[in-house]
Amino acid sequence: MAKSATGKWVSRVGSAGGGKAYKRTRPSNYYGILLVIVVLGLVATALARYDYQHPSKAAKGSPPAIGTTWYGALAVQACGTTLPYLTADPTVTGGFKVESDNVIKLDPTSAADAGKNATLGQFANEFPGLIASSNELAIPNSKGTADSKTTYRNGQTCPTGTKYAGQSGQVEYAYWTSLSQTTPTITTNPDNIEFAQYLRVTMAYDPKGVTPSPPTQTTVDEMSAAIISSANTTTTTAGTTTTTTGTATTTTTVAPVTTTTDKTTTTTAKG
């Protein structure tokens, strides 16, 4: 069957890659898109270069940064009773460590426990056997393993012999960010508590409406003493000193020196 005039025209247009109007518009659209891509690429490159040369505070890291040392005070309370201090574990390799009298020492070793990641939740993750979540609080025994007697879950009743025996409780965390703060901030999420110098925090399992007590004065005193001791310790970086006398030159290597300044208290006797 012979092709119609219309069919022949369509065939010619198809083989030629489009009509005259299409041929006229295709180059301008094509090169216009290329121009947009090139411009966007140049802008992205310029922004990346600026960000690299002018890093933001967030990029540099927020405190506590790696290389700094902070201290806090910890307490654990269950059913109205303050539990014994956690047992220090010398094998812990993370930035969080528990020292004597429930003093928490934070010396960030990586981004995992530095800056905004330095939270009470991260402390629990690094301490062997300790579980601190929004619905469970599990305090390990002296060997760092789970202990059913000190494991509490929301809705569980307080055992006989405790202050709130027979009452159901809930897990919550109270914290004070300064020594002058008297009323604690309370949350059920340990990740909301960012570590701070002089932080006092109590992990608690009590009936709803009970305000947890702060860490003991002994713990607070030990924390304060550790902070003062850390502040009074300075380190001199190793280096070399060169002295020239006449034609002779003497080079002396200076080793790192750590100097601790003791705080002296003078008491005047009453006469």
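Let me begin by describing the structure that accompanies this report.

Definitions and limits used
- Residues numbered from 1 in each chain as written.
- Predicted model: local features only at pLDDT ≥ 70, side-chain atom pairs only at ≥ 80, totals over all residues.
- Heavy atoms only, no water.
- Salt bridge = Lys/Arg side-chain N within 4 Å of Asp/Glu carboxyl O.
- Helix = DSSP H or I, 4+ residues; strand = E, 2+ residues; numbered from the N terminus.
- Buried < 20%, exposed > 50% of the residue type's maximum accessible area, 1.4 Å probe, protein only.
- Phe/Tyr/Trp six-rings, centres within 6.5 Å; stacked < 30°, edge-to-face > 60°.

### Notes on the pattern of salt bridges
Charged atoms that come close allow side chains of opposite charge to pair. All told, the structure shown has two salt bridges when counted by the stated rule. Of the charged contacts in the structure, one is a salt bridge between Glu136 and Arg153, with a shortest N-O distance of 3.4 Å. Of this pair, Glu136 sits in strand β6 (residues 136-138) while Arg153 is found in strand β7 (residues 151-153), placing the two residues 17 residues apart along the sequence. By relative accessible area, which is 44% here, Arg153 ends up partly exposed.

### Comments concerning unusual backbone geometry
Excluding glycine, a negative phi dihedral is what most residues carry, and trans is how most peptide bonds are arranged. Phi angles above zero are rare outside glycine, and Asp101 is one such case at about 60°. With respect to the element layout, Asp101 can be found in the loop between β3 (96-99) and β4 (103-106). Judged by its relative accessible area of 24%, Asp101 falls in the partly exposed class. Positive phi outside glycine occurs at Asn102, with the angle close to 65°. Its place among the elements puts Asn102 in the loop between β3 and β4.

### Topic: the packing of aromatic side chains
Applying the stated rule across the entire model yields four aromatic pairs. On the numbers, 6.0 Å between centres and 40° between planes, the contact of Phe123 with Phe127 is tilted. Classification of Phe123 by relative accessible area gives buried; the value is 1%. With 5.3 Å between their ring centres and 20° between their planes, Tyr152 and Tyr205 make a pair best called stacked. With Tyr152 in strand β7 and Tyr205 in strand β10 (residues 199-206), the pair connects residues that are 53 residues apart, well separated along the chain. You can call Tyr205 buried: its relative accessible area is 0%. Grouping aromatic residues by their ring pairs yields a cluster made of Phe96, Phe123, Phe127 and Phe195.

By themselves, these are just geometric observations and shouldn't be taken as functional.
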